[in-house]
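# Structural overview for review
Residue-level listing of the chains:
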Amino acid sequence: MSTRVRWAPSPTGTLHVGGAHTALFNLLFARSTGGKFVLRFEDTDRARSTEASARAICDGLRWLGLQWDEGVEVGGPYGPYRQTERLPHYQAAAGRLQASGAAYECFCTPEELETRREQARQEGRPPKYDGRCRDLSDAQRSTLRAQGRTPALRLRLPPPEPLVVHDLIYGDVEFDTAELDDFVIVKSDGLPAYNFGVVVDDVHMAMTHIIRGDEHLSNTPKQILLYRALGYDLPIFAHVPMILGPDRHKLSKRHGATSVDEFRDRGFLPEALVNYLALLGWSAPDGREILSFNEIVQAFRLERVSKSAAVYDEDKMTWMNAQHLRLLAPADLCARAATWLDAADLPWRQADPAWLGAVVEAVRERVRTLADLPDAIHYFFQPPAALDPDGVRRHMRDGTPALLAMAADRLESLTAFSAEAAEVAYRALAEERGVKPADIIHPTRLVLTGRTVGPSLFLVVQLLGRDETCRRLRAASLPAA
RNA sequence: GCCGGUAUCGUCUAGAGGCCUAGGACGCCGCCCUCUCACGGCGGUAACCCGGGUUCGAAUCCCGGUACCGGUACCA
């Protein structure tokens, strides 16, 4: 039987790196086992679920290249894929449970429950539901209903027993159902509570493996009880470690970029983010780190997933992005950076493709994100607006303008203009004038690019072309105004 | 509080009783390359949470403690 897994977020925000991480592990498992990856929305929290968020999550997933085979927006044989559209399924299951006595109506209000819980805590008792609606008579229920109360449905827990969860990653984890209470499975608004909705859907959608964040490990006993009450076979559970911020707390806004959108907007490559996320809680057997999606799929085994939470590190993420940037063809690099290039008003679309490719090639090892690209190639399109003051102080001496003018003369008299020819000419000029090559090279870079750092000077000269190079050299050799 | 989980360099991790004088990667430092920066190469910095066992031998197994995370909601 082929595997089926799912990622089931609640659409209450943007796509978070934590969510992307578990979605990725599900996809990786599906792809590496030839199974299906399903996307379902658990939107039963009416107050917090939004359509905008649902769209944002889908867009984020697609941007990352984490395409789902079945589910929201794409459909499939087990739809609909939003819980709010699956009410009949929950009602049917709830009805069965109620009919068999495995579930019962509870008329306590959330406020009453909270009050009792608080009291229990103060008295040092475990804050569990006291079961007061467990054995209500029909008459009592009618009375409560007449008072305008609408009941929630609770699962009637079987007698306490030890219960072990078999987890592919954590191994056998023992719980005692005595720690549990009769929990709500259908809320008074008629929507399923989390544990109930998940079980009904996972069974109906034929999930073979449940791969989710380890914050759900403690919920698993409740779900197992539900599987049993409903007479369903258990799927295989695998809980993956969660991702924490640098302060070891759950990732949040104050940790910098944590929503996938932010990474996109800051010029990160989706394949780099995917690669980085894959390495949080998993590692390739051969220790390689820079991997394509397909390579990860090839090497991926749930058995190699670690048990401990991982702290997200932006430095390594940035390094990884730079690594992936170097793997891109020049034209791809430009296409990916289009947004930033256009925003910087660079006429890159009109440029000769071969030339543009060479320009990009010259700077690619000097940029870490797509957002760095415009600034890195700006001076190839127009003269620098200003010269780096520090560079001026260090490289411009009294005789420098004259040297630059001579350099321009030499370049103009070259029969064949190239990086190599320019370098020969420069070194000859330096020797003749009795100065170090660097004394001409550095000022040249400064007036050509406005800065003191960048690609090999002679490559810059070649890419700029003889005319433009000499124009900038001469402009700079003019007596200062 | 109770229940569950986790614990190797600052961070991500390798490690499943002797191969560990604990390996790799990011970061940081130094050197080399060199027209600068970056890349790259080389070298360095830095860890088995603590305490008890078990064993000839423990980062690896067991127990206790501690820390952190999660659950304990009509949130998911």
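Residues numbered from 1 in each chain as written. Chains lettered and ligands numbered in written order. Predicted model: local features only at pLDDT ≥ 70, side-chain atom pairs only at ≥ 80, totals over all residues. Heavy atoms only, no water.

For the rest of this paragraph, the subject is the protein's contact with RNA strand B. Around RNA strand B, 62 residues are found, and the nearest of them are Cys-108, Lys-187, Glu-365, His-442 and Ser-456. When atoms of RNA strand B within 4 Å of the protein are sorted by moiety, sugar and phosphate together comprise 70%. One nitrogen or oxygen atom from the main chain of Glu-215 is found 3.0 Å from a sugar or linking oxygen belonging to RNA strand B. Measuring from a base nitrogen of RNA strand B, one finds a backbone N or O atom of Gly-454 at 2.5 Å. Secondary-structure elements contributing two or more residues to the surface near RNA strand B are helix H4 (110-122), strand S5 (152-155), strand S7 (171-176), strand S12 (310-311), helix H11 (314-325), helix H18 (437-449) and helix H19 (457-464). By residue number, the principal contributor to the surface near RNA strand B is H11, which donates four residues. (Near = heavy atom within 4 Å. Polar contact = N/O pair within 3.5 Å; in protein donor to acceptor, adjacent residues only side chain to side chain. Helix = DSSP H or I, 4+ residues; strand = E, 2+ residues; numbered from the N terminus.)

What follows covers helix H6 (residues 194-204). In terms of burial, H6 is largely enclosed, as eight of its eleven residues are buried. Within H6, the full set of buried residues consists of Asn-195, Phe-196, Gly-197, Val-198, Val-199, Val-200, Asp-201 and Asp-202. One or two steps after H6, the chain reaches Ala-206, where phi turns positive at roughly 60 degrees. (Buried < 20%, exposed > 50% of the residue type's maximum accessible area, 1.4 Å probe, protein only.)

Within the open sheet, the three strands sit side by side as S4-S5-S8. Their pairing is antiparallel. Sheet topology places strand S4 (103-106) and strand S8 (184-186) at the edges, where each strand pairs with a single neighbour. Neighbour-to-neighbour, the strand axes of this sheet turn through a mean angle of 45 degrees, independent of strand direction. Looking at chain direction, S4 and S5 are connected through four bridges and run antiparallel. Across the sheet, residue Tyr-104 finds its bridge partner in S5, namely Arg-154. (Pairing = 2+ DSSP bridges. Axes fitted to C-alpha atoms, helices over the stretch in contact; angles between N-to-C directions.)

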